[in-house]
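Tertiary structure, described
Letter by letter, the chains look like this.
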Amino acid sequence: MSINVKLSEDLVAQAKRYAQIQHRSVPKQIEYWSQIGRIAEENPDLPFTMIRDIMLADQEEPVGEYKFG
């Protein structure tokens, strides 16, 4: 479900620049920033690089259980 939200022109312009670099749409870029902010608030001891790596890992396809030997 989507809803309309009023955002500042400056925020949208910044999101547009970053979205082009990251090959995302503007709404997806703002969602990405929102996820990072939420995770950072919930986990203040985690550095940004770890948050980013966790988000990337969540997008990977599961490979199943590793079998030794």
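Residues numbered from 1 in each chain as written. Predicted model: local features only at pLDDT ≥ 70, side-chain atom pairs only at ≥ 80, totals over all residues. Heavy atoms only, no water.

The next thing to look at is helix α2 (residues 26-42). Its 17 residues give α2 an end-to-end C-alpha distance of 25 Å, which sits within 8% of 24 Å, the value for a rise of 1.5 Å per residue. Buried residues along α2 sit against α1 (9-22) and α3 (48-59). Sitting at the head of α2, S25 places a side-chain oxygen 3.2 Å from the backbone nitrogen of K28. (Helix = DSSP H or I, 4+ residues; strand = E, 2+ residues; numbered from the N terminus. Expected span 1.5 Å × (residues − 1). Contact = heavy atoms within 4.5 Å. Polar contact = N/O pair within 3.5 Å; in protein donor to acceptor, adjacent residues only side chain to side chain.)

Taken as a whole, this structure holds one aromatic pair when the rule is applied. For the cation-ring pair, R24 lies above Y32, with the distance from its terminal atom to the ring centre recorded as 3.9 Å. (Phe/Tyr/Trp six-rings, centres within 6.5 Å; stacked < 30°, edge-to-face > 60°. Lys NZ or Arg CZ within 6 Å of the ring centre and 35° of its normal.)

With that settled, consider the pattern of salt bridges. Within the structure shown, the criterion is met by two salt bridges. A salt bridge links E31 to K28; the shortest N-O distance between them is 3.5 Å. Here E31 pairs with K28, and both are found in helix α2, just three residues apart, close to one helical turn. Given the relative accessible area of 44%, E31 is considered partly exposed. (Salt bridge = Lys/Arg side-chain N within 4 Å of Asp/Glu carboxyl O. Buried < 20%, exposed > 50% of the residue type's maximum accessible area, 1.4 Å probe, protein only.)

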